[in-house]
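An overview of the molecular structure
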Amino acid sequence: MSKQTMMLALTALFALVAATQASMASASTDTVAFEPAKGDQQTYRIGVRVLSEGKGAYRDWQVAQSLLRYRVSAAKPTRELHVTPRFMRVENEDKVVFSSAQPATLSDSPLPTLMQAGFDVAIDADDAASQVKASNNDAWRAAVDDNRTPLAAIVRQLLIPALAQPIPARKGAEVDIAGFQGMPTLRLTVTDVDADTVTATLAQTDERADPRFTNVRGRLLIDRDSGWIRAMTLISDQHSQHIETQHVVMTMQAVDNPAVGGMGDGLRRLRINTLEAASPDYDLSLPTRADEATEREALDVPQQPLAHAQTGFHVDDEDGALVLTIAHRDKENLDLDQMTLTKLTLRDADGEPLDQGFVLDSIGRDYGDQDSSAVRLLPLGWGRADLSDLAEVEATFRYQPVDGPTYVDLPLRDGPTHLEDVPAKAVAEPIDGGWLVTLTGRYTHLYLADNTTAFKGRSAVTSNRRRHGLTPADRMLVEGVDTHALWIQQITLKGDIDTFALALYDDETPASTHTLTFTRAPQR
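Procedures and definitions
- Residues numbered from 1 in each chain as written.
- Predicted model: local features only at pLDDT ≥ 70, side-chain atom pairs only at ≥ 80, totals over all residues.
- Heavy atoms only, no water.
- Core = buried A, V, L, I, M, F, W, Y, C linked by side-chain atoms within 4.5 Å.
- Buried < 20%, exposed > 50% of the residue type's maximum accessible area, 1.4 Å probe, protein only.
- Contact = heavy atoms within 4.5 Å.
- Helix = DSSP H or I, 4+ residues; strand = E, 2+ residues; numbered from the N terminus.
- Phe/Tyr/Trp six-rings, centres within 6.5 Å; stacked < 30°, edge-to-face > 60°.
- Lys NZ or Arg CZ within 6 Å of the ring centre and 35° of its normal.

Grouped together as the largest cluster of nonpolar side chains are 59 residues, with contacts concentrated most on Leu188 and Leu220. In contact with Leu220, other than residues within four places in its own chain, are Leu163, Phe180, Leu188, Val198, Thr199, Ala200, Leu202, Ile229, Ala231, Met232 and Val481. In terms of nonpolar packing, the next biggest core, distinct from the first, is built from 29 residues, Leu286, Ala426, Ala485 and Ala503 among them.

Here the focus is unusual backbone geometry. The linkage connecting Lys76 with the following residue, Pro77, adopts the cis geometry, with an omega of -5 degrees. Among the structural elements, Pro77 can be located in the loop between β3 (60–74) and β4 (79–92). In the segment running from Gly404 into Pro405, the intervening peptide bond is cis, with an omega of 0 degrees. Note on placement: Pro405 falls in strand β21 (residues 403–411). A positive phi is found at Glu93, a non-glycine position, where the angle reads about 55 degrees. Structurally, Glu93 is set in the loop between β4 and β5 (95–99). Phi at Asn215 is positive, roughly 55 degrees, even though this residue is not glycine. Tracing the backbone through its elements, the reader meets Asn215 in strand β12 (residues 213–223). On the basis of relative accessible area, Asn215 is assigned to the partly exposed category, the value being 26%.

Right, let's get into the packing of aromatic side chains. Considering all chains together, one arrives at five aromatic pairs under this definition. Here the aromatic rings of Phe455 and Phe500 are separated by 6.1 Å at their centres, their planes lie at 85 degrees, and the arrangement is edge-to-face. Taken as a pair, Phe455 in the loop between β25 (446–449) and β26 (459–462) and Phe500 in strand β28 (residues 499–506) lie far apart in primary sequence, 45 residues in all. The two residues Phe455 and Phe500 agree in class, both being buried. Between Arg296 and the ring centre of Tyr407, over which it is positioned, the NZ or CZ distance is 3.9 Å.

In structure tokens form, the structure reads like this:
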């Protein structure tokens, strides 16, 4: 072999090695796997709603919510995590079954001992299985023997925070996953990939394989670096010989600070979503004559929101909530404008910070006071929080005004029509001798039915009918996995009409940031 031929062969060999190494590197980065280190941890806001077939159009409901901290206790060969419930509440209809923030609901209950010990989760990559067990067996047995304990509601919240098997980080890739969150085999389809996350849908592969579950579908947002789930919604209809069909929705959202957020981040949002899903359709309150219509006028956007607000705080004796109240004085539009709590600091009388954690329950208009907003924060821990030393709360808010409206007409035709002002969208589809109008957007940028124009149709009724397997309430939770503050409404129109009047609101005015100080309000 000549020297020149040898050099060409070596060059080709080096090129092949380099290509192989590049291919291996590419293959490794194109796979997302849950391979945590011991000590890694993540906190999740968990929500589970269950609708049971009730009488008439209304359905019985239960909502269970918690704040769970997952800490990796062993990484190999089986990934083991310890789960600490820092907050938990279960509601049946309008009754609180128990709440970690309400000691009266836990009287003589084994739950505080059970929850303080926590649970252990094992995720086995070899057989793609996961197991959950209580860390305190005696407390678990006591809870099983106590017929007051809603064990099914508790266990449903102990969701697995990662997939047991690796998945391709490639749009369009499909993988079958077994046993995820107690479900039958699901088909995972990657729908989007970016530098930080992988988004995927979940659907049942074969409903005949396990008749206990039908209509299973969901959505996942997974962190590419760590494999932890960032957000998830999983929906199913569950069947049993002993109970009626249950429509079950499970949600999880990774959080760094559970005390902060906007209206869509509070625990109350899932309760409202549940009421929307359980309630019957209703007639929209639209004017039918010109003299009933509201006068058209633009929103008066506040120039200095919260500048002259009066503030105070109190502790709600019933549920132990820390309540921050804001009396507005600057023409803020409390029905549409959005406030987001971004920072919270508690101090005693000496100005020293207090170490008490909270989870955001709700933020927004205080309907008990026409010109006020309220922030409700529920304390973490299993027992009444001692806030007697709390003298001052400093809270920072992001205030987003809403502009508009702009009045537009949605055409009604023999085929689908739409209007769009991203992210707001209005779609009309012919259906059942009328039209189904679907309005989607965000809390600060959306279409609403126009109350300034007389409606000439026969009826305009909200609709909870399933489209592509999902009701509007379900869609808000599924699509909300990767779209924050999502809003969806369906309306069924009937009558001899060719347009539907809408009002478009947007958030063109920049948001502003404000830090407010709250002191203890006089005893109520």
